[in-house]
Amino acid sequence: MLYSASETVFREVKELILSGELAGGELISEGDIAARTNVSRTPVREAFLRLEAEGWMRLYPKKGALIVPVADGEAEHVVSARQLVETQSVRVVSVRPHAREALVAALRANLIEQREIADRGDVAAFSAIDADFHKMIVAAGGNPLLDSFYASLRDRQRRMTARSISRDPGQLSRILVDHTALTDLVETGDADGYNTAVLTHMRQVHGLGFEGTL
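- For the chain, the name recorded in an unreviewed UniProt entry is GntR family transcriptional regulator, with Rhodococcus baikonurensis as its organism.

Next comes the structure, spelled out in structure tokens:
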């Protein structure tokens, strides 16, 4: 698919933000991105306005664009929302054997890809396939409203995961272990076990404490 220059810049810069290559608190300029993407400043300006509207950057005339850091408390809110939505979907598939079987097969295929990407140490790609893993669980619940809601969390999830892995590359192997265990819980239809395990998984990945959460 061919995109306009502005759409291309928007996608490329957003990916840099989600992958952590452009970190929260970093100040960038239109000129920097124009040179990096080999376009004029006009499409960069248009892309920056869209990124500001989505909350990824804050524009300062004649100074540049600030990459908005992950807000205080955002990780807690994202984790809580994801736990509720994912667990509900696991409860649904736990009483639908055929749906559960199809989901487990898809998750195990995803795990194979995760291991290959982890071996390469590709943080951006891993954060994307990690998000896909959890998205498949939600989609299996068959509730389009929850699908749409969860999709709105995906970018935040990717950014948080990429940041955590960049800080501690050892997270890659721990996430794989956790995902394997979560898949096993889906396979057995243990929604309560999944609820506890996914919360523990997410809080450990994102460096959150456990006091008062279980």
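**Looking at the side chain of Glu7**
Logical step 1: By the secondary structure assignment, Glu7 is in helix α1 (residues 5-18).
Logical step 2: A polar side-chain atom of Glu7 sits 2.5 Å from a polar atom in the side chain of Arg50.

**Some points on the nonpolar core**
Logical step 1: Core analysis: the largest hydrophobic core is formed by 21 residues, its most contacted members being Val90, Leu103, Leu107, Phe133, Ile137, Val186 and Tyr194.
Logical step 2: Elements that contribute at least two residues to this core include exactly α4 (74-94), α5 (97-120), α6 (123-139), α8 (171-188) and α9 (191-205).
Logical step 3: Residues in contact with Val90, not counting those within four places in the same chain, are Ile137, Val186, Ala191 and Tyr194.
Logical step 4: In terms of nonpolar packing, the next biggest core, distinct from the first, is built from 18 residues, Val9, Leu16, Ile28 and Val44 among them.

**With respect to α1**
Logical step 1: In this model, α1 (14 residues) spans 20 Å end to end at C-alpha, consistent with the 20 Å of a helix rising 1.5 Å per residue.
Logical step 2: Every buried residue of α1 is accounted for by Ser6, Glu7, Val9, Phe10, Val13, Lys14, Leu16, Ile17 and Leu18.
Logical step 3: Positive backbone phi, approximately 90°, marks Gly20, located one or two places after α1.

**As for the packing of aromatic side chains**
Logical step 1: Applying the stated criterion to the full structure yields 0 aromatic pairs.
Logical step 2: We note Arg50 situated over the ring of Phe10; from NZ or CZ to the ring centre the distance is 3.7 Å.

**Observations concerning the UniProt feature "domain: HTH gntR-type" (unreviewed entry) in the chain**
Logical step 1: The UniProt record marks residues 3-70 with the feature "domain: HTH gntR-type" (unreviewed entry), using the residue numbering of this structure.
Logical step 2: In this annotation, residues 3-70 is assigned 51% helix and 15% strand; the end-to-end C-alpha distance for the span is 29 Å.

Rules behind the numbers
- Residues numbered from 1 in each chain as written.
- Predicted model: local features only at pLDDT ≥ 70, side-chain atom pairs only at ≥ 80, totals over all residues.
- Heavy atoms only, no water.
- Helix = DSSP H or I, 4+ residues; strand = E, 2+ residues; numbered from the N terminus.
- Polar contact = N/O pair within 3.5 Å; in protein donor to acceptor, adjacent residues only side chain to side chain.
- Core = buried A, V, L, I, M, F, W, Y, C linked by side-chain atoms within 4.5 Å.
- Buried < 20%, exposed > 50% of the residue type's maximum accessible area, 1.4 Å probe, protein only.
- Contact = heavy atoms within 4.5 Å.
- Expected span 1.5 Å × (residues − 1).
- Phe/Tyr/Trp six-rings, centres within 6.5 Å; stacked < 30°, edge-to-face > 60°.
- Lys NZ or Arg CZ within 6 Å of the ring centre and 35° of its normal.
- UniProt positions renumbered as here; feature names shortened; annotations may be inferred.

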